[in-house]
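Read off the chains here:
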Amino acid sequence: MSDSKSSSFKRIFPTMTPDGWSGLKLVSPPFVYSLLMLAAPLVLVFLLSLWTQNYLELDRTFTTANYKEALSEKLYQTLMIRSLTISGIVTAVTVLLAYPIAYYVAFFGGKRKSLWLLLITIPFWTSYLIRVFLWKVILGYNGVVNGSLMGLGFIEEPLSFILYNANAVVITLAHAWAPFAILPIFVSLSRIDHSLLEAARDLGDGPIRRFFRVTLPLSMPGVVAASLIVFIPTVGDYVTPKLLGGTDGLMIANMIQIQLGKANNAPLGSALAVSAMIIVASISIAFVLINRKFLKTKT
Amino acid sequence: MQNKPSRSLLTYAIVYLIFLYAPVMLLPLFAFNNSAIIALPLSGFTFHWFGLLWQTKALHEALYNSLMIALITSIGSTTLGIFAARAAARYEFPGKRGIMGFIMVPLVLPEIIVGVALLVVLIQLGMSLSAWTVIIGHVLICTPFSIAILQSAFNNMDRSLEEASMDLGENRIGTFFRVILPLVTPGIISSLLISFTISLDEFIIAFFLTGTDATLPVYIWSQLRFPARLPAIMALGFLMVVLSFILLLTAEYFRRRANRITGNSTSSEESIF
């Protein structure tokens with residue numbers, strides 16, 4: 001870098017140190033890659049959502065018609081609301097189921113903490129597609145659950161409420177995202193200062209009061225992180241609703257794929273994608289704001 | 001604090017683990033089951049489905065494509081990860097939080113959005129879809145994982161070793177290659193393995209961006225529609241479980257060695273996550 005260039009930059013950033021320049025230079029390859037391959041494509045998706053597809057040609061006059069259609073058409077509304085509802089339920093179920101296991105490993109794992117974490121993550125390093133498909137085998141009409149229950153004589157006809165509907169999608173997603181919920185909660189539970197728990201006990205709190213007044217509030221950053229990590233990607237899940245959802249369990253990602261593929265209406269697909277992103281981002285921000293009193297970092 | 005868990009909590013932990021392992025446990029059952037239908041009860045033992053895999057040419061091509069894509073992706077994302085992790089661990093620069101946060105965004109972006117965005121660009125640019133377009137997408141989603149792993153390796157490194165090298169007359173580049181890089185090598189290997197595994201298993205982006213060269217998950221997806229092909233897919237899944245188990249253990253071994261070499265054992269438990 002030449003001196004004249006750095007001095008002109010210095011006028012803009014008077015506090016810039018040589019270390020600052022080295023850092024910026026070093027971070028630029030991954031940063032530029034993200035700008036080119038992520039930011040630019042997202043901007044283009046947004047532009048495209050304001051254009052119109054006329055059969056094979058693209059009409060580049062700006063219009064909000066795609067958004068009107070994406071937000072007012074009954075079918076898209078249903079899919080969007082269903083995606084958000086299913087993801088919301090999945091998030092709640094996953095986080096509630098994950099909390100006790102994270103609690104167990106953090107407080108009682110002892111020397112075997114790493115082993116427990118490894119045990120929890122191993123089943124998830126196998127093909128996602130095959131894992132989802134295996135749930136179909138478990139929940140199917142002559143699957144493992146129905147087969148065992150009928151074999152044992154508990155039921156006479158296969159249970160039908162567990163396949164090709166939203167329930168199957170919830171069960172499968174709650175399984176698929178389990179480690180992503182356990183790990184952040186585990187990390188925040190491990191960071192709790194044990195002297196605070198002892199203080200609560202010494203001051204007369206029983207185990208339940210102590211949990212709700214000390215442990216839970218202190219672990220909320222992990223719970224919030226876990227909720228967002230599960231909620232955001234599951235809204236856009238494509239595989240699980242397609243394999244297990246039947247027609248009543250399809251979600252917004254399936255529609256985005258149809259618009260980009262068979263329906264050949266990329267602008268409408270883009271408008272659906274942008275709407276979904278904005279809605280998900282708003283919900284996430286609102287969720288963080290509601291919990292902000294727990295998220296203040298200790299100084 | 002009580003030191004012993006209540007019995008109900010331990011029971012819960014065990015039941016939860018059974019829930020986590022339930023689908024994977026079925027794989028060996030159906031992979032060796034002598035029946036064309038994936039259902040209980042089991043009918044007999046066979047290696048037939050593994051033999052079938054050996055003969056399926058489309059599978060071999062998909063596997064080759066996936067391995068090449070995963071190899072190039074892991075090298076690309078680890079290289080980008082080294083730049084970002086070193087910058088974040090060693091330097092303070094303006095906009096650091098924003099820039100690092102932006103690079104990590106793919107972690108919280110639904111993969112379908114990444115797939116759609118790249119697909120739209122490629123179509124508008126008139127580029128054809130190929131293994132390379134899949135690699136572009138995979139590098140994007142793997143880089144944040146590489147950064148997370150490498151950042152802990154760089155953070156755990158003792159700064160005084162770097163300063164000693166500079167004091168002894170080595171320049172910055174020499175110091176990087178002769179002192180820093182050897183110290184973080186286990187972190188680099190761990191990053192290569194993790195991004196390799198992620199790329200190998202990634203479906204949505206590959207589904208959107210692959211041209212005629214199907215990747216392994218895209219091939220599996222195409223087979224799931226045909227009931228007759230399912231037992232072979234179970235056998236394939238079983239092989240993949242065994243392989244990724246070995247890969248994961250290797251990655252874990254190097255990660256622990258990384259923490260030992262850099263002299264920091266206390267953070268070993270949470271660093272990867």
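Residues numbered from 1 in each chain as written. Chains lettered and ligands numbered in written order. Predicted model: local features only at pLDDT ≥ 70, side-chain atom pairs only at ≥ 80, totals over all residues.

**Let's talk about the overall build of chain A**
- Scanning chain A from N- to C-terminus turns up 15 helices and 2 strands.
- Taken along the three principal axes of its C-alpha coordinates, chain A extends 80 × 60 × 35 Å.
- With 299 residues in all, chain A has 41% of them scored as buried.
- By sequence separation, contacts in chain A at least 24 residues apart represent 72% of the contacts at least 6 residues apart. (Helix = DSSP H or I, 4+ residues; strand = E, 2+ residues; numbered from the N terminus. Buried ≥ 20, exposed ≤ 12 C-beta atoms within 10 Å, placed from the backbone. Contact = placed C-beta atoms within 7 Å.)

**So, the nonpolar core**
- In this structure, A:Ala98, A:Ala102, A:Ile182, A:Ile185, A:Leu272, B:Ala84 and B:Val116 are the most contacted members of the largest nonpolar core, which totals 160 residues.
- In terms of residue count, helix H4 (residues 74-108) of chain A provides more of this core than any other element does, 14 residues in total.
- Two domains each donate at least three residues to this core, and these are domain 1 (3-49) and domain 2 (69-295) of chain A.
- Excluding anything up to four places from it in sequence, B:Ala84 contacts A:Val27, A:Pro30, B:Met100, B:Ile103 and B:Ile147. (Core = buried A, V, L, I, M, F, W, Y, C linked by C-beta atoms within 7 Å. Domains from an automatic or database assignment.)

**Some words on the interface of chain B and chain A**
- Counting residues at the interface gives 64 residues for chain B and 72 residues for chain A.
- Within the residue set of the side of chain B that touches chain A, elements represented by two or more residues are helix H1 (7-31), helix H3 (57-90), helix H4 (96-104), helix H5 (111-124), helix H6 (131-156), helix H8 (172-201), helix H10 (216-223) and helix H11 (230-261) of chain B.
- The biggest single contributor to the side of chain B that touches chain A is H1(B), with 12 residues.
- Of the residues contributing to the side of chain B that touches chain A, the split by class is 53 nonpolar, 5 polar and 6 charged. (Nonpolar A, V, L, I, M, F, W, Y, C, P; charged D, E, K, R; others polar.)

**Some points on the confidence of the model for chain B**
Residues and elements named next belong to chain B.
- Residues of chain B with pLDDT of at least 70 account for 92%, and the chain-wide mean is 84.
- In the model of chain B, H11 stands out as the element of lowest mean pLDDT, 79, in contrast to H3, which has the highest, 93.
- In the predicted structure, residues 265-273 sits below a pLDDT of 50 and forms 17 contacts with residues beyond four places in sequence or in another chain.
- Interface predicted TM-score (ipTM) for the complex: 0.81; the corresponding pTM is 0.83. (pLDDT = per-residue confidence, 0-100.)

**A short note on H5(B)**
- For H5(B), spanning 14 residues, the distance from its first C-alpha to its last is 20 Å, which sits close to the expected 20 Å at 1.5 Å a residue.
- For H5(B), a buried count of 11 out of 14 residues is recorded, marking the element as mostly surrounded by other parts of the structure.
- All buried positions along H5(B) are accounted for by B:Glu111, B:Ile112, B:Ile113, B:Val114, B:Gly115, B:Val116, B:Ala117, B:Leu118, B:Leu119, B:Val120 and B:Val121.
- Tucked into the core, H5(B) has its buried residues touching helix H2 (18-49), helix H13 (252-260) and helix H14 (266-290) of chain A together with H6 and helix H9 (204-209) of chain B.
- Downstream of H5(B) by a residue or two, B:Gly126 has a phi angle that is positive, lying close to 70°. (Expected span 1.5 Å × (residues − 1).)

**Looking at the environment of A:Tyr164**
All names here are of chain A.
- Structurally, Tyr-164 is set in the loop between helix H7 (144-151) and helix H8 (166-176).
- With 20 C-beta atoms packed within 10 Å, Tyr-164 lands in the buried category.
- When the C-alpha positions of Tyr-164 and Leu-244 are compared, they lie 4.9 Å apart, and in sequence the two are 80 residues distant.

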